[in-house]
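This is what each chain is made of:
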Amino acid sequence: MSSNLNRRNWLKKSLFATAGLTTASAFIQKAAANPVLRQELQYSLLPEFLLEKEYSNIPVAAKTLVRLSANENPWGPSEKTKQALIGAIGDANRYAFKLRGELVKAIAEKEGVPENYILLGAGSSELLTASLVAYGQKGKIIVGDPCYISGNEERVPMEKVALTKDYQYDLDAIAGKINGSQSLVYVTNPNNPIGAVLPSESFSAFIDKVSDKITVLSDEAYIDYAKDPKTASMIPAVKAGKNVLVLRTMSKLYAFAGLRCGYAIAKPEILKMIQPYCSGGFDMSVPSFAAAIAAFKDVEFQQLTLKNTEESKQYLYSFLTKAGYTYIPSSANFVIFPLKMKGSDMLAKMAAEGVMLRKWEFDRQHWCRVSIGTMDEMKAFAEAFTKVIS
């Protein structure tokens, strides 16, 4: 009797899984031809829409809001970026052909790649959406679980691989999954929401092993916060001719979350695959182009942001430890830690104190992700969290 029940339960789960894959594949196929559906997919990845969904039924306190929920840079944009924005307003009546070319040239010089290895986007989320649509038509996308897109299986045909016990990508398990039915390996490095960065030797060896069979997408939205960004990045693998697609955003270190600027780096034949599904930077404005060029040059602001981020992060580590909470050490501008209550309860109680956060649930545990803010914002978080857990 119990074996029949178990068999029926297994069959039911299998049917649901198959139905989900069919639905996701159908969505991607339709999205390839329908820009409205591509926009829907992109919205499902953007922090502001995720937050709108998460807080749709939670009243937020009317007092000063502490926004530690979208991994934004609270110290920017820099003064030089602001001046470039203001200076470009007078040219906003002109199309941005020249500035677009100047930005591509600036990226090529910064990353050490040819200009035809660069594809611009209005934020890296646009380029990620284009990549998911392009590759999702060809097969399943292997992802770590959890990662930035691992909750989007209702739209994207994905195959999840659990993280290791220390919450790192299990590259050996991912390599063992590759069997020709997949089209892309998606890796967020550092991983969002975990914050861990892959050892560059391990990631490079993995790429050497699998990239002749499948394209590897390295989503490096938070790479600037790694201890050694150039070593951690997989741009050298692109230069070596590997089937690797690197995505970068200016939303974090450069404080461009609202200005929208990102870029992809890959061999021209890979960029050619995703280009039909994105704007290629033509949705960006003249002020955004000018600001991005200025921001790349403003090394002083970049260093200040990294210094401030580390100071606020160390304060958060110390507070959590004193409060009796563990955390996962982070190589990004956020920290995630396990909760002792339901995530939904935590969000509601912290919102009542005027603090916005993000929640996750994985490994049979509720988690809270805190964006790194100014020291005043971290102290406000600490005060509110102490009140909530009392």
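- An unreviewed UniProt entry lists the chain under the name Aminotransferase class I/II-fold pyridoxal phosphate-dependent enzyme, with Arcicella lustrica as the source organism.

### Overview of the nonpolar core
Inference 1: In terms of nonpolar packing, the biggest core is built from 99 residues, with Leu-103 and Phe-206 touching the most fellow members.
Inference 2: Considering each element in turn, this core owes the most residues, eight residues, to helix H12 (residues 286–297).
Inference 3: Sequence-distant contacts of Phe-206, defined by excluding residues within four places in its chain, comprise Leu-171, Ile-174, Ala-175, Val-185 and Val-216.
Inference 4: Among the nonpolar cores identified, the runner-up in size contains 31 residues, and Phe-319, Val-335, Ile-372 and Phe-385 belong to it.

### Details of the packing of aromatic side chains
Inference 1: Inspection of the entire model under this criterion finds 15 aromatic pairs.
Inference 2: Consider the rings of Tyr-95 and Phe-97, whose centres lie 5.9 Å apart with planes at 40°: the pair is tilted. Take Tyr-95 and Phe-97: they sit in the same class, and that class is exposed.
Inference 3: Their ring planes at 65° and their centres at 6.3 Å tell us that Tyr-263 and Phe-296 sit as a pair that is edge-to-face. Of this pair, Tyr-263 sits in strand S8 (residues 262–265) while Phe-296 sits in helix H12; the two residues are 33 residues apart in sequence, bridging distant segments of the chain.
Inference 4: The lysine or arginine in question, Arg-100, covers the ring of Phe-282, its NZ or CZ lying 4.2 Å from the ring centre.
Inference 5: Note that Arg-155 overlies the ring of Phe-27, its terminal NZ or CZ placed 5.9 Å from the centroid.

### A look at the sheet that holds S8
Inference 1: The sheet built from seven strands is open, its strands ordered S2-S8-S7-S6-S5-S3-S4 with mixed pairing. Two strands lie at the open edges of the sheet, namely strand S2 (118–121) and strand S4 (158–162), each paired on one side alone. Within this sheet the neighbouring strands show an average axis-to-axis angle of 20°, counted without direction.
Inference 2: Bridge count for strand S3 (residues 140–145) against S4 is five bridges, and the pairing is parallel. Across the sheet, Gly-144 pairs through a bridge with Val-161, a residue of S4.
Inference 3: Across the sheet, helix H6 (residues 124–136) is in contact with S2, S3, strand S5 (182–188), strand S6 (215–219), strand S7 (244–249) and S8; its angle to S7 comes to roughly 155°.

### Focus: unusual backbone geometry
Across the chain, the bulk of peptide bonds are trans and the bulk of non-glycine residues have phi less than zero.
Inference 1: Omega for the bond connecting Gly-76 with Pro-77 falls within 30 degrees of zero, at 0°, which places this linkage in the cis form.
Inference 2: Looking along the chain, the bond that leaves Asp-145 and enters Pro-146 is cis, with omega of 10°.
Inference 3: Its identity as a non-glycine residue notwithstanding, Tyr-167 has a phi of 60°, on the positive side.
Inference 4: On the secondary structure map, Tyr-167 appears in the loop between S4 and helix H7 (171–177).
Inference 5: With a phi close to 55°, Asp-363 is a non-glycine residue in the positive phi region.
Inference 6: Secondary-structure assignment places Asp-363 in the loop between strand S11 (358–362) and strand S12 (365–371).

### Structural notes on the pattern of salt bridges
Opposite charge on two side chains lets them pair, provided their charged atoms get close.
Inference 1: Scanning the model with the defined rule gives 14 salt bridges in all.
Inference 2: Arg-155 serves as the salt-bridge partner of Glu-154, at 2.9 Å between the closest nitrogen and oxygen.
Inference 3: Exposure remark for Glu-154: the relative accessible area of 42% places this residue in the partly exposed category.
Inference 4: A relative accessible area of 17% means that Arg-155 is categorised as buried.
Inference 5: Through salt bridges with shared partners, one network takes in Lys-110, Glu-111, Glu-220 and Arg-248.

### Observations regarding empty space enclosed by the protein
Inference 1: By the definition in use, this model includes one cavity of 30 Å³ or more.
Inference 2: The calculated volume of the largest cavity comes to roughly 30 Å³.
Inference 3: Along the walls of the largest cavity sit Glu-72, Asn-73, Pro-74, Trp-75, Tyr-225, Thr-305, Thr-309, Asn-333 and Ile-372, which together make up its complete lining.

Parameters at a glance
- Residues numbered from 1 in each chain as written.
- Predicted model: local features only at pLDDT ≥ 70, side-chain atom pairs only at ≥ 80, totals over all residues.
- Heavy atoms only, no water.
- Core = buried A, V, L, I, M, F, W, Y, C linked by side-chain atoms within 4.5 Å.
- Buried < 20%, exposed > 50% of the residue type's maximum accessible area, 1.4 Å probe, protein only.
- Helix = DSSP H or I, 4+ residues; strand = E, 2+ residues; numbered from the N terminus.
- Contact = heavy atoms within 4.5 Å.
- Phe/Tyr/Trp six-rings, centres within 6.5 Å; stacked < 30°, edge-to-face > 60°.
- Lys NZ or Arg CZ within 6 Å of the ring centre and 35° of its normal.
- Pairing = 2+ DSSP bridges.
- Axes fitted to C-alpha atoms, helices over the stretch in contact; angles between N-to-C directions.
- Salt bridge = Lys/Arg side-chain N within 4 Å of Asp/Glu carboxyl O.
- 1 Å grid on protein atoms, 1.4 Å probe; cavity = no way out; pocket = protein on both sides within 12 Å on 5 of 7 lines; lining within 4 Å.
- Points joined across faces, edges and corners; volume = space filled by probe spheres on them.

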